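# Descriptive analysis of the structure
Here is how the chains run, residue by residue.
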Amino acid sequence: MLIYTIRRLLISIPTLLFIAFVIFMLLELAPGDPMAQMPLTIPPEVKEKMRLALGLGEPWWVRFPLWLKQFFIVEPQYWIDNAFGTNFADGAQRIISFQSRSPVFEIIAERMPQTLWVVGMSYVVGVLIALPIGIISAYRQYSVFDQAGTFVSMIGFSVPPFFSGVLLIVIFSVQLKWLPSIYDTTHVVSDWDSFVFQLRQMVMPVMVLALQTTAQVSRYMRASMLDNLTQDYVRTARAKGMTESVVVLKHVLRNSMIPVVTVIALGIPAIFGGAIITEQIFKVNGLGQLLIIALQGNDIPMVMTITFLLAVLIVMMNLIADVLYGILDPRIRYD
Amino acid sequence: MTDATLNAVEKPRNQWWDVWAQFRTHKGAVAGLCFLIFITLFVTLGPVLWDVDPGKLNIRNKNVRPIYMGLFGGDAKVAWANPMGTDNLGRDIMANIMAGGRVSLAVGWTAMILAVFLGTLIGVLAGYFKRLDGLLMRFTDLVLALPLLPLLLVMMLLFRDPLRATFGPENGIFILIVTGIGITSWMQTARIVRGDVMALKEREFVLAARSIGTPARRMITRHLLPNVMSPIMVSATLGLATAIITESALSFLGLGFPSDFPTWGKILFDSVDRMTAFPERVIWPGLAISLTVLAVNYIGDGLRDALDPRIRGQ
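Residues numbered from 1 in each chain as written. Chains lettered and ligands numbered in written order. Predicted model: local features only at pLDDT ≥ 70, side-chain atom pairs only at ≥ 80, totals over all residues.

### Some thoughts on the overall build of chain B
The helix and strand tally for chain B stands at 15 helices and zero strands. Counting the 314 residues in chain B, one finds 42% classified as buried. The contacts in chain B between residues at least 6 apart in sequence include a share of 71% that link residues at least 24 apart. (Helix = DSSP H or I, 4+ residues; strand = E, 2+ residues; numbered from the N terminus. Buried ≥ 20, exposed ≤ 12 C-beta atoms within 10 Å, placed from the backbone. Contact = placed C-beta atoms within 7 Å.)

### Looking at the interface of chain A and chain B
In this complex, chain A contributes 35 residues to the contact, which on the side of chain B involves 32 residues. Those elements that provide at least two residues to the side of chain A that touches chain B are α1 (2-29), α5 (144-158), α6 (161-175), α9 (244-282), α10 (287-296) and α11 (300-328) of chain A. At seven residues, the largest contribution of residues to the side of chain A that touches chain B is made by α11(A). Considering only residue class, the side of chain A that touches chain B consists of 28 nonpolar, seven polar and no charged. (Nonpolar A, V, L, I, M, F, W, Y, C, P; charged D, E, K, R; others polar.)

### Remarks on the UniProt feature "domain: ABC transmembrane type-1" (unreviewed entry) in chain A
Here the UniProt-annotated "domain: ABC transmembrane type-1" (unreviewed entry) positions come out as residues 112-321 of chain A. Helix makes up 83% of residues 112-321 of chain A and strand 0%, and the two end C-alpha atoms of the span are 23 Å apart. (UniProt positions renumbered as here; feature names shortened; annotations may be inferred.)

### What to know about the nonpolar core
Ranked by internal contacts, the top residues of the largest apolar core, which has 142 residues, are Leu291(A) and Val303(A). Element by element, the count of residues in this core is highest for helix α6 (residues 93-128) of chain B, at 16 residues. Beyond its immediate sequence surroundings of up to four residues, Val303(A) is in contact with Leu27(A), Leu291(A), Ala294(A), Leu295(A) and Val154(B). (Core = buried A, V, L, I, M, F, W, Y, C linked by C-beta atoms within 7 Å.)

### Structural notes on the domain arrangement of chain B
Residues and elements named next belong to chain B. When the domains of chain B are assigned, the result is domain 1 (27-54 + 93-307) and domain 2 (57-90). The distance between the C-alpha centroids of domain 1 and domain 2 comes to 35 Å. Listed by partner, the interface residues are seven residues for domain 1 and seven residues for domain 2. Counting residues per element, the ones that place at least two in the side of domain 1 that touches domain 2 are α6 and α15 (280-307). Of the residues that constitute the side of domain 1 that touches domain 2, the class distribution is four nonpolar, no polar and three charged. (Domains from an automatic or database assignment.)

### A word on the environment of Gly182(B)
Residues and elements named next belong to chain B. Structurally, the position occupied by Gly-182 is in helix α9 (residues 169-183). In sequence terms Gly-182 and Ala-115 are 67 residues apart; their C-alpha atoms lie 4.4 Å from each other. Here Gly-182 is in contact with Ala-111, Leu-114, Ala-115 and Leu-118, once residues within four sequence places are set aside.

See below:
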């Protein structure tokens, strides 16, 4: 298992390098010009100097390794320096945003908490709703509850977040005036009232994202439970006189969770991608909104870094899912 | 006597007739098919009956509410000339929904066909030719590891202007969106097709075909492709659903078609700013997208059951 994990980690290095290269070349070959937004009155020679100042003077085979060095060596050095007060980085050039001229990672660190709160919370809520739905749907297959669960998850698959979010705003903010439609990220939780306010403003974005998660995870949970419920060991457990709750919640659930855990791990990157749209609807100034702004402003280092971070997340979650599968299911042998 | 027994044997039935018989037993799928046919007719034949230019401005006649608002709104501004109301520039919303639906459905179908074509091609090549398998599947894994929505956004933004200049504003964006969605959603089809082709390759009929010297090209088109049709059709329906949602999401993020060119996602995006006063403008296009995708998903569900010979005929 350890050898397998190490091998997978080593394989993921060229994968990530290739992905970085693809993203870099896409941005490089694209005809969009970061200087396109500048006024036309700027003389060409000044414009050329500005290009050089942005680091665009060098050809791509110089800039791509430079970006890799900044991402994998310089930025961790700064991170260690900040954490332990050392001086590894020694004033090396960081990845700088074209728009704000400040280090990309500092902006990302500012935006990260909002995204993590909303996205992380919605994922936890979604999974917590999905698991019992999946278990009951499978245990009472073809019952009214199962049919309703199937219908709700069908809706979760079909209604895009940009409509369900807008619909929730129309109903709960505009008509009923129960919940705020804009997520206030400057809000500080200090006492009970502000905590309630924080909860209220999180309800809608979390529910929109959770609907998608619930739809997917509850289907997998149901299918996996159905596979296990007909197995011989279940009959044995019942024959030994175990109560239904022990049979279902201990024996069947544990075995059914094996594939579901990997699905949950694999779904994490997707929900970060989906957050781009949800953040736009509820005006959360998280990473997704940062990406959209950076795209519109031709801020190449920012787009490159955020997209690559998402790719890292995908590759890591794939790895974690595979390793978890091997740990949870002793029948799986990778070596 | 032999004649009598022969007559008693049921007439051989076409496989697709059986599939249709099974498909009809799935109520959701039939309802979905009916809705898909209805919405297709609505957006294609609708403009013939409802002869209003979706782009025509009529500022004097702006912000008309839909006709049902007159029932309980009392003093709401309604007009039979605009059953779904007009927007803030006086454009008729029903005509816009029709025009937008035509674009959304066209993008969905074209992108789905492109994705299914790519997926089938790569899947068959990887499954049939052992030499290509490792390379193509590594490539598929790599594409699956890419963050697709951000990359799609990058493609939209960066290639928009040159394509517009070459093919005109509408066609350029159409080509860009269809290609973008197509090349980012073929991977699942490729994996499924590859798995099925590899299983089929070991069967006796393939061996028999090879023993009489069937060349690879005919082997694939005559023997393998017809047998992997069912998973391809199921993934095609799923592809249509995701393509419609992706196109609307791009329009919603403001990176789709130009603003005077309606699609369902674009109408939704343009109406969000005024949804406090005019919620119906958000609900019409949103409902159109959601119901279409729901219908397609149900059709996919029904097709999966109908094409599975283990379920069919039970």
